[in-house]
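Observations on the model geometry
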Amino acid sequence: MNPESRTVRLLGPPARGRFKRAGVVASLTLVMASGVVGPATPADLNTSERAASAPDGGRCGPRRLEDRVPPDETSDGRRGCRGPRGPRGETGPAGPQGPTGATGATGAAGPRGETGATGPTGPCVGLDAAQESEDFEIRLALTGGRTYAGIRDQRAGEKQTVLWTDLSARPDYPAGGAAGLPCDVAVNAHNRSAKVRRVKFDVITTTGQVWEAACVAFTTTHPATLNCADRTGHPKPWILVARQPVPEAVNGGS
């Protein structure tokens, strides 16, 4: 094969298209008409292809002509390599947070819970007083399940302090069971003209029973005192009042 035919084959239509896309200055006609063009060697062709595929000196694009893609056009219409990608921009500042939304409406109330069990009955308390004499006055107090009788001397020169006697320690004091527990108290001291000033103390219990205790107020002592013992010195017992209140009773009782 002679050198001329090799040159024609290498510079056929496909080669001319590649030379145009790569920006080769010499045209195919100039190549064919030049008398100084000698037989092309593979080394010469490789050098030409590298130059065609890298018009910027080989710094961009594929090294083989047939692997080149059409380069980008520059701003002045010339065709060249695409430049390197610029640095990534910084993320902008976050925007201000919006205002807090309004509080939603209150939900409907839940169902009412069941009523709890009834607790144990607490201890009863009570207080009563009477003054049927200019010399003294009487008190009766119920607290903590116990009943206390008190006397206060009203005579001139006395300290007029209340002196208390615990009547719960007397025999037969109602303390539960069928008798129940004392729940209120009352005083009966109508003894203005009597030489022996008897005082009666009553309690009503949680079962509705009425119990009574009797004492004597002494003004021969200073200050006045209560004596709740019998002639032998033993404490007088509590007694269940004869006839107890019953429903629909009229001057009666049980």
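Preceding this section is the structure that the text describes.
Only a predicted model underlies this, so the values are computations on that prediction, with no experimental measurement involved.

1. Brief notes about the overall build of the protein
When helices and strands are tallied, the protein shows four helices and eleven strands. Contacts in the protein between residues far apart in sequence, at least 24 positions, make up 43% of those at least 6 positions apart. Counting every atom, the protein has about 18,300 Å² of accessible surface; 54% of that belongs to carbon and sulfur.

2. Section: the nonpolar core
Grouped together as the largest cluster of nonpolar side chains are 25 residues, with contacts concentrated most on Ile138, Leu167, Val187, Phe201 and Leu226. Breaking this core down by element, the ones donating at least two residues are β4 (136-143), β5 (146-153), β7 (182-188), β8 (197-205) and β9 (210-218). Leaving out residues up to four positions away in the same chain, Ile138 has contacts with Asp128, Ala129, Ala130, Gly150, Ile151, Val187, Ala189, Val199, Phe201 and Leu226.

3. Some details on the packing of aromatic side chains
Counting across every chain of the model gives one aromatic pair. Ring centres of Tyr173 and Trp238 lie 5.5 Å apart, and the angle between their planes is 65°; this geometry places the pair in the edge-to-face category. Taken together, the positions of Tyr173 in the loop between β6 (162-166) and β7 and Trp238 in the loop between β10 (225-227) and β11 (239-240) put the pair 65 residues apart, joining distant regions of the chain.

4. Details of the pattern of salt bridges
A full pass over the atoms with the stated rule returns five salt bridges. The salt bridge involving Glu137 is made with Arg152; its shortest N-O contact spans 2.2 Å. Remark: Arg152 occurs in strand β5 and Glu137 occurs in strand β4; sequence separation between them is 15 residues. Here Asp153 and Arg155 are joined by a salt bridge, their closest N and O atoms 2.6 Å apart. Of the two residues examined, Asp153 and Arg155, each falls in the buried class. One continuous salt-bridge network, built from bridges that share partners, spans Glu137, Arg139 and Arg152.

5. Looking at the sheet that holds β4
The strand order β3-β4-β5-β6 describes an open sheet built from four strands, whose pairing is antiparallel. Of all the strands in the sheet, the pair left with one neighbour each is β3 (126-130) and β6. Between one strand axis and the next, the sheet turns by 20° as a mean value, whatever way the strands run. Bridge analysis of β4 against β5 gives eight bridges, and the strand direction is antiparallel.

Calculation rules
- Residues numbered from 1 in each chain as written.
- Predicted model: local features only at pLDDT ≥ 70, side-chain atom pairs only at ≥ 80, totals over all residues.
- Heavy atoms only, no water.
- Helix = DSSP H or I, 4+ residues; strand = E, 2+ residues; numbered from the N terminus.
- Contact = heavy atoms within 4.5 Å.
- Areas by Shrake-Rupley, 256 points an atom, 1.4 Å probe, with all protein chains shown as cover.
- Core = buried A, V, L, I, M, F, W, Y, C linked by side-chain atoms within 4.5 Å.
- Buried < 20%, exposed > 50% of the residue type's maximum accessible area, 1.4 Å probe, protein only.
- Phe/Tyr/Trp six-rings, centres within 6.5 Å; stacked < 30°, edge-to-face > 60°.
- Salt bridge = Lys/Arg side-chain N within 4 Å of Asp/Glu carboxyl O.
- Pairing = 2+ DSSP bridges.
- Axes fitted to C-alpha atoms, helices over the stretch in contact; angles between N-to-C directions.

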